[in-house]
Structures are given as structure tokens and as C-alpha cells.
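Working through the structure, step by step
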2 protein chains.
Amino acid sequence: MKKDFELMKKCPLFGNMNNEELEFILTSPFTKIQNFSKNQTVLTEGDNVQSLGVVLSGSVQVVRNDYYGNRSIIALVESPQIFAEVFVFSDTPTMPVSVISAADSRIMLVGLKKILSESPDQSLFYSKLINNLLRLVTEKNLRLNEKIEIISKRTIREKLMTFLLFQARLQGGNSFTIPYDRQGLADYIEADRSAVSAEISKLRAEGIIESNRSQFRLIKNPE
Amino acid sequence: MKKDFELMKKCPLFGNMNNEELEFILTSPFTKIQNFSKNQTVLTEGDNVQSLGVVLSGSVQVVRNDYYGNRSIIALVESPQIFAEVFVFSDTPTMPVSVISAADSRIMLVGLKKILSESPDQSLFYSKLINNLLRLVTEKNLRLNEKIEIISKRTIREKLMTFLLFQARLQGGNSFTIPYDRQGLADYIEADRSAVSAEISKLRAEGIIESNRSQFRLIKNPE
DNA sequence: GTAAGTATGTTGTAAATCCAACAAAGGACG
DNA sequence: CGTCCTTTGTTGGATTTACAACATACTTAC
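Notes on the structure follow. (Residues numbered from 1 in each chain as written. Chains lettered and ligands numbered in written order. Predicted model: local features only at pLDDT ≥ 70, side-chain atom pairs only at ≥ 80, totals over all residues. Heavy atoms only, no water.)

1. A closer look at the packing of aromatic side chains
Describing an aromatic ring pair means giving the distance of the ring centres and the angle of the ring planes. Evaluation of the coordinates by the stated rule reveals 9 aromatic pairs over all chains. Ring geometry for Phe176(B) versus Phe216(B): centroids 6.4 Å apart, planes at 15°, classification stacked. Of this pair, Phe176(B) sits in strand E9 (residues 175-177) while Phe216(B) sits in strand E11 (residues 215-218); the two residues are 40 residues apart in sequence, bridging distant segments of the chain. Taking the relative accessible area as the measure of exposure, Phe216(B) reaches 2% and is therefore buried. An aromatic cluster is built from Phe163(A), Tyr180(A) and Tyr188(A), whose rings are joined through pairwise contacts. (Phe/Tyr/Trp six-rings, centres within 6.5 Å; stacked < 30°, edge-to-face > 60°. Helix = DSSP H or I, 4+ residues; strand = E, 2+ residues; numbered from the N terminus. Buried < 20%, exposed > 50% of the residue type's maximum accessible area, 1.4 Å probe, protein only.)

2. Remarks on the relation of the copies chain A and chain B
Mapping chain A onto chain B calls for a rotation angle of 180° and an axial translation of 0.0 Å; the resulting RMSD is 0.1 Å. Here the transformation between the copies is reduced to the relation of a two-fold axis. Mapped onto chain B, 100% of the interface residues of chain A again fall at the interface, so both copies present the same surface. (Least-squares fit on C-alpha atoms with pLDDT ≥ 70 in both. Contact = heavy atoms within 4.5 Å.)

3. Concerning the nonpolar core
Core analysis: the largest hydrophobic core is formed by 58 residues, its most contacted members being Leu13(A), Phe14(A), Val54(A), Leu13(B), Phe14(B) and Val54(B). The contact partners of Leu13(B), leaving out residues within four places of it in the chain, are Leu52(B), Val54(B), Ile82(B), Leu129(B), Asn132(B), Leu133(B) and Leu136(B). The next biggest cluster of nonpolar side chains, apart from the first, holds 50 residues, and it includes Ala191(A), Leu218(A), Ile209(B) and Phe216(B). (Core = buried A, V, L, I, M, F, W, Y, C linked by side-chain atoms within 4.5 Å.)

4. Concerning the protein's contact with DNA strand D
Residues in contact with DNA strand D amount to 15 residues; listed here are only the nearest, Arg182(A), Ser197(A), Ser201(A), Thr155(B) and Ile156(B). Here, DNA strand D places atoms within 4 Å of the protein, and 68% of those atoms are sugar or phosphate. With respect to DNA strand D, the side chain of Arg213(B) contributes an N or O atom lying 3.2 Å from a sugar or linking oxygen. Mapped by element, the contributors of at least two residues to the surface near DNA strand D are helix H8 (193-205) of chain A together with helix H8 (193-205) of chain B. If one sorts the elements of the surface near DNA strand D by residue count, H8(A) sits on top with 4 residues. Counted by class, the surface near DNA strand D contains 3 nonpolar, 5 polar and 7 charged residues. (Near = heavy atom within 4 Å. Polar contact = N/O pair within 3.5 Å; in protein donor to acceptor, adjacent residues only side chain to side chain. Nonpolar A, V, L, I, M, F, W, Y, C, P; charged D, E, K, R; others polar.)

5. Quick look at the environment of Ile82(A)
All names here are of chain A. Relative to the assigned elements, Ile 82 resides in strand E6 (residues 82-83). Here Ile 82 falls in the buried class, since its relative accessible area comes to 10%. Distance in space between the C-alpha atoms of Ile 82 and Gly 15 is 13 Å, their sequence separation being 67 residues. When sequence neighbours within four positions are dropped, the list of residues in contact with Ile 82 reads Cys 11, Leu 13, Leu 52, Gly 53, Val 54, Val 77, Leu 133 and Leu 136.

6. What about the interface of chain A and chain B?
Residue-level contacts link 51 residues of chain A with 51 residues of chain B. A per-residue breakdown of the area chain A buries against chain B is headed by Tyr67(A), Tyr68(A) and Leu134(A), which together make up 15% of the total. At the junction of chain A and chain B, the tally comes to 8 salt bridges. A salt bridge links Arg169(A) to Glu45(B); the shortest N-O distance between them is 3.6 Å. For the interface between chain A and chain B, the tally reads 15 residue pairs in polar contact (both at pLDDT 80 or more). For the side of chain A that touches chain B, the secondary-structure elements that each account for two or more residues are strand E4 (59-65), helix H3 (85-89), helix H5 (123-151) and helix H6 (156-171) of chain A. Of the residues forming the side of chain A that touches chain B, the biggest block, 20 residues, is contributed by H5(A). For the side of chain A that touches chain B, the per-class residue count stands at 24 nonpolar, 11 polar and 16 charged. (Buried area = accessible area lost by both parts, 1.4 Å probe. Salt bridge = Lys/Arg side-chain N within 4 Å of Asp/Glu carboxyl O.)

7. So, the protein's contact with DNA strand C
Around DNA strand C sit 16 residues in total, of which Thr155(A), Ile156(A), Arg182(B), Ser197(B) and Ser201(B) are the nearest. Considering DNA strand C, the proportion of its atoms within 4 Å of the protein that are sugar or phosphate atoms stands at 66%. Side-chain polar atom of Arg182(B) to a phosphate oxygen of DNA strand C: 2.6 Å apart, as the coordinates give it. Arg193(B) has a polar side-chain atom sitting 3.0 Å from a base oxygen of DNA strand C. Every element with two or more residues in the surface near DNA strand C is listed here: H8 of chain A together with helix H7 (182-188) and H8 of chain B. Examining the composition of the surface near DNA strand C, we find that 4 residues originate from one element, H8(B), more than from any other. Along the lines of polarity and charge, the residues of the surface near DNA strand C split into 3 nonpolar, 6 polar and 7 charged.

In short, the description is geometric, and any link to function would need to be established separately.
Next comes the structure, spelled out in C-alpha cells:
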């Protein structure tokens, strides 16, 4: 379908690839494209997945069901992101989580390992795709590590400061705007919103930071 | 050196590779091997790294220096593990952390991207190495996600139960032995040791688990 | 078997967090 | 300008945690 072609081009996984190469993937016998309506199951816990998922449009939730039957949402994957890549390449034979469409979605399931192993001649194709995949996986790795560094801290103050220091570094200066509102920030650092607000006020009162809403400034030598 | 050959063979990054292929990497102009004594700096924050590190022997610490000059240890990488791979493949131009030898160590720095890009003909070689790398990175990804799921929980009880449910799943049953002592467990779930001990006792008193030291059993219907 | 050393469990208190309820500030729109 | 609605800040009380100190259980070496 013509449209899928355009959707593929937006996906970082296929970045830097030409039409022929996209076509090759799109028409591979190991590629399947399917529409899911909201709340339909895309992959079920226990499934033996060999395919990486691409959200061409819409979004999916990664969901875990625990021993006692409690269901918790682990991640939200929106177009044009990918999912399940870790299970395919880490030799995790059965999915430990389920994937459910969070909206009407168009999903591409790509048997990437098969496609790659059966096209050893197209070496440039191969290296482009692999480079994209490696970049995506290592970037996610960096983000996860960063989050762990933040939420590992035992107090809200430490979590906040760690988060703010990351933002300062990321945006290259002492003054910066964070990409969350208070509730979003509290969710990210895994703490209560009102407690986060209170701690920000304290930090301000102590002259450690200046802030207004999502604008922050780190004060170098708070004395 | 003959010995390096043997050390390489133990490393998952080079798993499944034959002597010729190991030799190819070992003698590449983009590969450097160096000895570091304890506390020597291997890579410095701000460096422009193009090389992935392999701990042939010994161990290194990944260290972060924050804005205020506080230094914190992010990770310990022991032989035969690798480090800095995420920076090389995620287009992070400068290292946000430093790497310091934690013991007398022998370190191999491999310009893997260069080696791979300049050997497009050796396609089998290429795919072996890439597969190993992808497996390592995605496995780490899984572990990081798991840890985040655990330490995201707000109470020690929830952290513990999430951890124990993972262990049960991993070991395929309700009875299992965890790979940590109390202090190690407390460190992993980011909580105080004595508080963890206390919570385990409570869970036992409430009939939710049975346990003795590192042996645990989940009780299905605690009423 | 016993002493010494380590790991685990228990308890009380101070500190931090969560939670809920409300106050204040900001934004959208007539 | 004023109302409605959302976001952010503030506060007090209940809950949870950290911390320290000590008790008990286990391990090891002799």
C-alpha cells in the first residue's frame, strides 16, 4: 500500500533507507501489516515472538499481568516507534508481557532476524538497518539508565536535583525549561505531585534554584 | 599476545567467533589494548569516544561527576563485560561519564564501527559480531526495565513483591532462592536493609510468603 | 564444641513521604 | 472584566521509611 510507504519513512528504524530497501522489507514474506482497533491484543504474553513491531499509526500499550492477576501498564509506544525488539534480539523465547492497541492502530510486524539472515548479499541494506536498530536500542538504554539514576535517589530533593542537573546538561546551561508540568515531573521521578511542589519551594527558599512553573535556574554557589 | 586471545574467547561480545575473526579484531589498527593500574582513568568525561571497551581482566567503574563536583558510581563492569557501547552507537558525541579502573585491569578499546564499516565483505563476521552486540544491549535493556519496574514502586512491600514475582517467573515456580543476601537485596530495590528485613517478616506473618534467608515461597491465596 | 565474626531480625524514634483538602495563580473565553 | 477551569502551591495528619542500636541466628576456624 502506498500509504504504508510514507508511514515507514517517518520511522527512525527505517531512517536513511531508499525506496528499494523499504520495498524489500514491505514485501518480504516475513513482514505482516495489520490494523487493530482500540483495545485489541497485538501480542499476548507467552507468545513466541520472532518479529519486531512497528507502530505505523496509532499507539500500543505494553502491559504486564502479574501472579495475582494485577495488570500494570509498563510503556506506551506511539507512532512511529517500535516495540518488542528486545525480545527478538535477546533470545527471550516467550513474551513476558502483552501488547494491546491503545487506539485504532496500524501495526507492522517485521521478522527482522529472518530478513537479515536471508539477505546476506545486500550488505549496505543490512548495515543501515542494523545501525538504526543499534542506535534506537542504545538510546533507549541511555534513557533507562538516566531514569534509574534519578529514581534510585531516596529523597524527593535528591531526585529533583539529579533530574534538574540532567536537564541543565542536556540543554547546555544553568537556565532551562523542563518538558513536564508538575504532574508529569512527579510521575517521572516517581513521587507525589504536592510533595514535589513543596520541595521545589524549599529549594527556592534556600537559594539553591530559581524557578517559575517549568522554568528553572541552578544557582552555582548557594550559601 | 596469546593470552589476550584466550581472554577474548571468554567475552560474550566475541561469542561464536572463530580464531581468524578474533585475530582480525585483535590486529586491527582500530583496536588498542592497554593495562591500567587501580584507579587509573580509562576514559574521561567529555572525551569523544568512538571505541567500545572490553574488560579483558580486572574491572572498571563508570563514574559521574555532577555540577557541584559530587562523584557517584553508576556501574561496576567486570571482566569479561563491555562498556561505553551505548555512547558509540547512540551518536552521543562526548562521554557524559568517566571510566576508572577499579583494579589492575587489561582493557581493550575496539573501534567497532570503523572495523565493521571497513570490512563489508566479511559478511558472516559482521553478522556474528552485530548479533552478539544486539543481544548484549537488548538484554541489558530488559534488566534495566525490570529494575525500573521494581524501584518505581512506592513502598518496600510493593518493591519486594514485584521483585519476588520476577524471581518466581524467572525460576519457574513459587519456590525459589534469590541471588542476593539481605544487604544486596536492599541495595537492589533501593531501600534500607533493616526495613526490608522487617517487611519480609510482616509478609511472612500475614501468610503472603514463606521464607528463610534467601529461600522464598509465594503463597497463592493468602486469606 | 566454642569463640569470633558475619548476616539477619527486631524495635523505637526522627525524618520523609503520601494523601487529601484547600488556597492561589494562570489561562481561556465570553 | 469576570467566570470557569486547570495548574501549581500550601498545609496538617496518617503512613512509611531511614537510621541506629541491639538481639538473635548462622558460619567458620580452631
